[in-house]
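# Notes for the structure review
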Amino acid sequence: MPFSVLKKTLWAAGLLAGSIVSANAQEQVLNLYSARHYQTDEALYANFTKATGIRINRVDTDDAGLLARLKSEGSASPADVILLVDAARLWQAEEDGLFQPFKSSRLEERIPAQLRAKPSDKGTAWFGLSTRARVIVYNKQNVNKEDVLNYQDLANSKIKGKLCTRSGSHPYNLSLFGAVYEHLGAVETENWLKGMVANMARPPKGGDTDQIKAVASGECGVAITNSYYLARIMRSEKPEDRAAMEKIGVVFPNQQSWGTHINIAGGAIAKHAKNRESAVKFLEYLSGDEAQAYFANGNNEWPAVPGLRISNPALEAMGKFKTETIPVAVMGSHLPKVQQMLDRVGYK
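Position numbers for residues start from 1 in each chain and track the written sequence from start to end. Only residues with pLDDT of at least 70 are given local features in this predicted model, and only at 80 or more are side-chain atom pairs given and counted; all residues enter the totals for whole chains, interfaces and linings. The side-chain quantities take in all heavy atoms of the structure and omit both hydrogens and water.

Each helix and strand counted, the protein chain has 15 helices and 9 strands in total. Principal axes of the C-alpha set define a box for the protein chain whose edges measure 95 × 45 × 35 Å. Every one of the 348 residues in the protein chain was classed for burial, and the buried ones make up 51%. The contacts of the protein chain with a sequence gap of at least 6 include a subset with a gap of at least 24, amounting to 78%. Here Asp and Glu are counted as negative and Lys and Arg as positive; His is not counted, and neither are the chain ends. Each charge is placed at NZ for Lys, CZ for Arg, CG for Asp and CD for Glu. Here the protein chain contributes 42 positive and 36 negative side-chain charges, whose respective centroids are spaced 2 Å apart. Secondary structure elements are taken from DSSP: a helix is a run of H or I of four residues or more, a strand is a run of E of two residues or more, and numbering for both begins at the N terminus. Relative accessible area decides the class of each residue, using a 1.4 Å probe on protein chains only: under 20% of the type maximum gives buried, over 50% gives exposed, and in between gives partly exposed. For this analysis, residues touch if any pair of their heavy atoms sits within 4.5 Å.

Written out as structure tokens, the structure is:
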């Protein structure tokens, strides 16, 4: 090949390589660490990419796994956005310095103040994006509804030998216990936890769905569960699930006092995020009407944005109820004291 032709060929190849590098450099990406593992979220991510051109790289595992990974990766972490499914874990991650506060007028306008972190001069560390209630379920044949109208009733001797829960140290319970601590104070909360231990039908084990099924089977008389687990069974077509729902009743506790405990799933920007602008866009997108509807219809959660209409037969069947209004961040601040109480009273 003549030298002049070879020179032109190499020059053209260099231009092509340069254009590929430029295109790759210009491609917008978002590295998402998510503890949400719900199939309907796939559509959320696809719609975000379609609307913005920002491609999502996702790592899925549970909350504890994500936080451990962030800590081990340190400043080398590629994570931009973190999605967690519990207020206690969001609070702890903020305390551990894993998030970076940011300001967003859209999120501040859309998400109520009690469903987000306490703001600082630099902004807010995390925002709730969906909500779920911690409700009481009871066996209609061997427990009177009037005996379990409030969380405090879980320590009443009337249900001795009938109470079942998952581990007291599971974040869903820790968030509830932190809320009760805020309402009742230290002494009453510890006495309440001690009373719950005395009422146990068996040692704490399993998840929320296991508690519901244990109540339906008669192994337990009373249990606590997140509302979306209950809604899943309500929407199920399986004969055994329909049979279970006929045997249990549901109580939204404390309707005559502070209201039913509310927990959240929420999002934050990772401390070492490389794509901060894309991260803010994504979290703002999740507060939009379309994404909020996905949370309600896909995973049976209530939108964090107030006033939105939803189309979910199970949630609609649950009806309206009074919710507590304490800031969810407060629950986390009580966790060290609550965990010490659990150890003292033997709540495993």
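Although it is not a glycine, asparagine 254 sits at a positive phi angle of roughly 60°. If you trace the backbone, asparagine 254 turns up in the loop between β7 (248-251) and β8 (262-269). By relative accessible area, asparagine 254 is classed as buried at 0%. You will see that asparagine 300, though not glycine, has its phi angle at about 60°, which is positive. Relative to the elements of secondary structure, asparagine 300 occurs in the loop between α12 (289-299) and β9 (302-303). For asparagine 300, a relative accessible area of 4% corresponds to the buried category.

Only C-alpha atoms enter the line fits that serve as axes; for helices the fit covers just the stretch in contact. Angles between N-to-C directions range over 0 to 180 degrees. For the pair helix α7 (residues 186-198) and helix α15 (residues 335-345), interaxial distance at closest approach is 10 Å and the crossing angle is 40°. Between α7 and α15, the angle falls in the class oblique. The chirality of how α7 crosses α15 is right-handed. Note on element contacts: α15 touches α7 through Met341, Leu342, Arg344 and Val345, opposite Ala186, Thr189, Glu190, Leu193, Lys194 and Val197. Only Asp, Glu, Lys and Arg are considered charged in this grouping, and only Ala, Val, Leu, Ile, Met, Phe, Trp, Tyr, Cys and Pro are considered nonpolar; every other residue, Gly among them, is considered polar. Each residue belonging to the contact of α7 with α15 can be placed in one class, and the counts come to 6 nonpolar, 1 polar and 3 charged. Just so you know how the angles are binned, under 35 degrees is roughly parallel, over 145 roughly antiparallel, 65 to 115 roughly perpendicular, and the rest oblique. Should the near helix be turned counterclockwise from the far one by less than a right angle, the crossing is left-handed, whereas a clockwise turn marks it as right-handed.

What follows concerns the nonpolar core. Of all hydrophobic cores here, the largest spans 51 residues; its most connected members are Leu83, Leu84, Phe99, Trp126, Phe282 and Leu286. Looking at which element gives the most residues to this core, the answer is helix α11 (residues 276-286), with 6 residues. Setting aside chain neighbours within four positions, we find phenylalanine 282 in contact with Leu30, Leu32, Tyr45, Phe48, Ile56, Val81 and Leu83. If you look at the next biggest cluster of nonpolar residues, it comprises 29 residues, including Leu230, Ala244, Trp302 and Leu315. Here, the term nonpolar core denotes a set of buried Ala, Val, Leu, Ile, Met, Phe, Trp, Tyr and Cys residues that are joined through side-chain atoms within 4.5 Å.

Within strand β6 (residues 222-226), 5 of the 5 residues are buried, which leaves the element mostly enclosed by the surrounding structure. What you see with β6 is no split at all: Val222, Ile224 and Asn226 on one side and Ala223 and Thr225 on the other are buried throughout. In this structure, strand β4 (residues 126-139) lies alongside β6, joined through 5 bridges in antiparallel fashion. Within β6, the residue paired with valine 135 across the bridge is threonine 225. A pair of strands is treated as paired once DSSP finds two or more bridges between them.

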